[in-house]
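# Analysis of the macromolecular model
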Amino acid sequence: MAWKTGLDVGADGVAIVAINNPPLNLLSVTVMLDLKRTIEGALLRDDVKAIVVTGLKGKFSAGFDVTTFGGRQGKRTKKELGFMSIEIVTDTLEGAKKPLVAAIDGPAFGGGLEIALACHARISTSTAQLGLTELQYGILPGLGGTQRLPRLVGLTKALEMILMSKRVSGEEARTLTLVDAIAPADKLLGVARQWALDIAECRRPWIVSLYKIDRLEPFVEARAILKSARLEVQRQNPNLVHQLVCIDVIEHGIVSGPRNALWKEAEALQELRQSSTCKSLVHVFFAQRQVSKVPGVTERKFLPRKFNKVALIGGGSMSSEVAKLLVLNNYQVILKEKDEKSLLEQINRVKRKLQSHAKNQKADQYRPQKFFSLVKGVLDYDDFKDVELVIEAEAETLSLNLEKICPPHCIFTSNSLTFNSKSFGEKTNCHDRIAGIHFFCQSPNLPLMEIVRMKNTSPQVIIDLMDFGRKLRKTPIVVGDLEGRSFNSLLIKYLHAAIFLAEEGVDVYLIDKAFTNFGMLLGPFRMIDMLGLQVFEAIGKMYVETFPDSSYRSKLISILRHCDNEGESNAQGFYRYDNCGMATPNPEINKYLQKAENTSYMAIEPELTKLSNDEMVEMILFPALNEACQLISKGIVIRPSDLDVASVLGMGFPAYRGGIVYWSDTFGSPYVHSNLENWSKVHGEFFKPCAYITECAAKRVSLVVHLYFFFV
Ligand SMILES: C[C@H](O)CC(=O)SCCNC(=O)CCNC(=O)[C@H](O)C(C)(C)COP(=O)(O)OP(=O)(O)OC[C@H]1O[C@@H](n2cnc3c(N)ncnc32)[C@H](O)[C@@H]1OP(=O)(O)O
């Protein structure tokens, strides 16, 4: 078996110990044992005065391999528990009789950084990335990070970094006193070697982080900081325990001593790594990495082409949001409208949005003007000669004329709600340059961008659009094209199911509360307000026309709109919004619901008003899962986990529940099926389970595993 650490002793008496587990030098029990053996070997050699610990090929270590987390582990003995943290990191590395200096380049995350923290000094490149990212996986730093980081940078900064899994650059780490010096990559080892010799020869201090006290706040202040951190995490994530456990472990070190706390940390890690929260978060971590892989496209390794100039055609308020997003990311934008009046309105909308953005960001007064200089409003196509991307927001078709005006590499996309892939660009000769692009259910602020890949869209165009999405700081998800179905349809099912319950007499605000208690960022009605009732009604109508049997025909939205309730855009919808954007229930809502009931042909179902929170959540999310299974079984999304990522980023679904498909699958397909089947008998086709769920339930197999067999 190949060694996972290398040893190289120089004539200066410094041993370089390098972690060697490419590509990211991930840690495992084997790597840790090798590290222990190599360090012990170096300590025994008379020609070694000091040791530099580093990672091969410019990557210190991206921490532990998280695939080992989230599963059930047998009970461990106390010795096994503290083995890596106490015997290896603390007693062998930190307790070494010769000084150890960490030379950090590239990633130093989780356990990787914890090894560096146990060294007696740290030298880093300015671009290295450092962070204790464990809480992002529902665990806590398990190699002494809960004790050493607060002692190196102070409790306040350490809590900020640990609780938010915050990553800092080498440069920032230097200002935090997390690293002792910065060196360019080509001089990193040289500087670290000299530093190690300086410690060995008493020219620099030999610092043992575990017992450092000068950066730690005084006892009373420290406990007050921890108390307020506890309150804050409880307020933000009342369903999660791992953050509280982590704060307890940090406090234990302050009250009972850091070595004592290392045992507590090891026990807590053992417990948390088996939790469902950890399993779900690890699932989301890998799912997020998968979405960047598009079969038949990304493995070709094409380089993305850069867009400088983007044209937006029509689209009113929605397009103005996209225009704002583009100019804030330094794209030149051509706004094309059909007449003077619409153009003036559009220009003013973009101006207002940029001004209010600058105000919210507390930017200087000239910033909006600077951004606005990137926007040009036009009524004709003269300026399209050098645009690289066209986003059509309204038109159903793409004209041959436009194709001729634009350069031959220009990409044509539709952002239209009623985008019909068959007619869009039908008469042109550039089918390989046509795609759909959704800035996510018309709210460009959500960190998701859906790219609809048509039958003929070229791989290069998909690469270009994915890169464009990332430059806008969105996660691009590529979907196939089928009858206008996409992640939007899943979202619409979810929101329509919530409206169905409200129209059946369930309190709107209780529904929203049930969802925020479940962990969603916003309840469904707050989300409709955010999307805008006009947009929501338009998409709803499109679905009713395209899928008349399985769509829900809501009365409520048009009634609300009739009384000028448009959502956040005009500060009234399901909620009313004050000048600071604070939402309070709309006092008129029952009046609108009564009207909807009077015009509805469905009888109110009193049983539904007795639903528990969990039942409400299932009844609203299972129809969305039903839609998800259709998207997957028809091959519209590449893999089931893409919908988990889309639900986390686009719906605000709690990542710690793993995403909509993953979460639903924990109930088992027979449970999901029998619920949908029962609801459909009473409440109609909207709830009818799709053939795929029916088949999985009949075979009593997992929805996800079965789908993988289907498509891989
Ligand atoms: C006990 C300890 O306290 C616990 C811990 O150490 S917890 C672990 C903490 N570590 C982390 O959070 C690091 C997570 N990784 C990352 O952020 C990024 O991978 C990175 C910034 C290091 C590198 O990014 P990038 O260069 O884009 O490479 P990326 O594509 O993400 O990763 C390369 C491969 O390694 C995998 N990988 C990355 N980090 C991993 C990890 N910690 N565990 C398992 N696999 C990992 C990726 O999934 C990917 O696999 P693939 O090629 O099969 O898709």
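Residues numbered from 1 in each chain as written. Predicted model: local features only at pLDDT ≥ 70, side-chain atom pairs only at ≥ 80, totals over all residues.

For the protein chain, an unreviewed UniProt entry supplies the name Glyoxysomal fatty acid beta-oxidation multifunctional protein MFP-a-like and the organism Dorcoceras hygrometricum. The protein chain has a UniProt comment under Pathway (unreviewed entry) that states "Lipid metabolism; fatty acid beta-oxidation." Turning to the protein chain, the UniProt annotation filed under Subcellular location (unreviewed entry) states: "Peroxisome". (UniProt positions renumbered as here; feature names shortened; annotations may be inferred.)

Moving on, we come to the overall build of the protein chain. Counting secondary structure elements, the protein chain contains 28 helices and 19 strands. For the protein chain, whose C-alpha radius of gyration is 29 Å, the value lies close to the compact-globule estimate of 27 Å for 712 residues. With the C-alpha coordinates of the protein chain rotated into their principal frame, the extents come out at 85 × 60 × 50 Å. Buried positions account for 50% of the 712 residues belonging to the protein chain. (Helix = DSSP H or I, 4+ residues; strand = E, 2+ residues; numbered from the N terminus. Rg over C-alpha atoms; globule rule 2.2 N^0.38 Å. Buried ≥ 20, exposed ≤ 12 C-beta atoms within 10 Å, placed from the backbone.)

Turning our attention to the site of the ligand. Around the ligand there are 21 residues in total, and Gly63, Phe64, Gly110, Gly111 and Gly142 lie nearest to it. Only strand 5 (107-109), helix 3 (111-118) and helix 11 (276-290) provide two or more residues apiece to the shell around the ligand. Class assignment of the residues belonging to the shell around the ligand gives a composition of eleven nonpolar, six polar and four charged. (Near = placed C-beta within 6 Å. Nonpolar A, V, L, I, M, F, W, Y, C, P; charged D, E, K, R; others polar.)

It is worth spelling out helix 12 (residues 316-328) at this point. In this model, helix 12 (13 residues) spans 18 Å end to end at C-alpha, consistent with the 18 Å of a helix rising 1.5 Å per residue. For helix 12, the set of buried residues is Met318, Ser319, Ser320, Glu321, Val322, Ala323, Lys324, Leu326 and Val327. (Expected span 1.5 Å × (residues − 1).)

This brings us to the packing of helix 3 against helix 4 (residues 145-153). Contact geometry of helix 3 with helix 4 gives a least axis separation of 10 Å together with a crossing angle of 55 degrees. Our classification of the angle between helix 3 and helix 4 gives oblique. For the pair helix 3 and helix 4, the crossing hand works out as left-handed. Contacts between helix 3 and helix 4 involve Leu113, Glu114, Leu117 and Ala118 from the former and Gly145, Arg148, Leu149 and Leu152 from the latter. Residues that form the contact of helix 3 with helix 4 fall into these classes: five nonpolar, one polar and two charged. (Axes fitted to C-alpha atoms, helices over the stretch in contact; angles between N-to-C directions. Parallel < 35°, antiparallel > 145°, perpendicular 65-115°, else oblique. Left-handed = near helix turned anticlockwise from the far one by under 90°. Contact = placed C-beta atoms within 7 Å.)

Strand order in this open sheet of six strands is 1-2-3-4-6-9, and the pairing throughout is mixed. The open sheet has two edge strands with one neighbour each: strand 1 (5-9) and strand 9 (181-182). Where strand 3 (residues 50-55) lies against strand 4 (residues 100-104), three bridges are found, and the strand directions are parallel. By the bridge assignment, Val52 is partnered in strand 4 with Val101. Against the sheet, helix 7 (residues 188-200) makes contact with strand 2 (14-19), strand 3, strand 4, strand 6 (121-124) and strand 9, and its axis sits at roughly 150 degrees relative to strand 3, the strand it touches most. (Pairing = 2+ DSSP bridges.)

Backbone phi values are negative for most residues with the exception of glycine, while trans is the configuration of most peptide bonds. In this chain, Pro22 is followed by Pro23 through a cis amide linkage whose omega measures 5 degrees. Within the secondary structure layout, Pro23 lies in the loop between strand 2 and helix 1 (29-44). Here Lys301, not a glycine, exhibits a phi torsion of approximately 55 degrees, which is positive. Secondary-structure assignment places Lys301 in the loop between helix 11 and strand 10 (309-313).

Moving on, we get to the environment of Cys406. Structurally, the position occupied by Cys406 is in the loop between helix 15 (400-405) and strand 14 (411-414). By C-beta crowding, Cys406 is classed as buried, having 22 other C-beta atoms within 10 Å. Separated by 22 residues in sequence, Cys406 and Phe384 have C-alpha atoms that sit 5.5 Å apart. In this structure, Cys406 is in contact with Phe384, Val387 and Val390, ignoring residues within four places of it in sequence.

What follows is about the domain arrangement of the protein chain. The domain boundaries assigned to the protein chain delineate domain 1 (5-274), domain 2 (298-486) and domain 3 (488-635 + 638-711). Each of domain 2 and domain 3 has a C-alpha centre, and these two points are 28 Å apart. (Domains from an automatic or database assignment.)

Taken in spatial order, the three strands make up an open sheet running 5-7-8, and their pairing is mixed. In this open sheet, the two edge strands, each paired with only one partner strand, are strand 5 and strand 8 (168-169). Here helix 3 sits on the sheet in contact with strand 5 and strand 7 (129-131), set at roughly 90 degrees to strand 5.

Another aspect to go through is the pairing of strand 6. By the alternation rule, side chains of strand 6 split into Ala121 and Ile123 and Arg122 and Ser124, which are all buried. Where strand 4 and strand 6 come together, four bridges link them in parallel fashion. Across the sheet, the residue bridging to Ala103 is Ile123, located in strand 6. As paired elements, strand 6 and strand 9 share two bridges and run parallel to each other. Considered in strand 9, the bridge of Ser124 is made with Ile182.

Below, the discussion takes up the UniProt feature "domain: 3-hydroxyacyl-CoA dehydrogenase C-terminal" (unreviewed entry) in the protein chain. What UniProt calls "domain: 3-hydroxyacyl-CoA dehydrogenase C-terminal" (unreviewed entry) maps, in this numbering, to residues 488-577. Counted over residues 488-577, helix gives 62% and strand 3%. Its end C-alpha atoms are 26 Å apart.

The next thing to look at is the environment of Val310. Tracing the backbone through its elements, the reader meets Val310 in strand 10. Once the C-alpha coordinates of Val310 and Ala538 are considered, the two residues, 228 residues apart in sequence, prove to be 26 Å apart. Among all residues touching Val310, those that are not within four sequence positions of it are Leu326, Tyr331, Val333, Val387, Leu389 and Ile391.

Taken as a whole, the protein chain shows an average pLDDT of 91; of its residues, 93% reach a score of 70 or greater. Segment residues 708-712: pLDDT under 50, and one contact once partners within four positions in sequence are set aside and those in other chains are kept. Here the predicted complex scores 0.92 on pTM and 0.98 on ipTM. (pLDDT = per-residue confidence, 0-100.)

To continue, consider helix 27 (residues 691-699). Each α-helix winds once per 3.6 residues, and so residues spaced three or four apart point in a common direction. Buried residues of helix 27: Tyr692, Ile693, Cys696 and Ala697, and no others. Each buried residue of helix 27 sits inside an arc of 130 degrees when the element is viewed along its axis, so together they form one side. Residues Ala691, Ala698 and Lys699 are exposed on helix 27 and point more than 90 degrees away from its buried face. One or two positions beyond helix 27, positive phi appears at Arg700, with a value near 55 degrees. (Arc of directions from axis to C-beta.)

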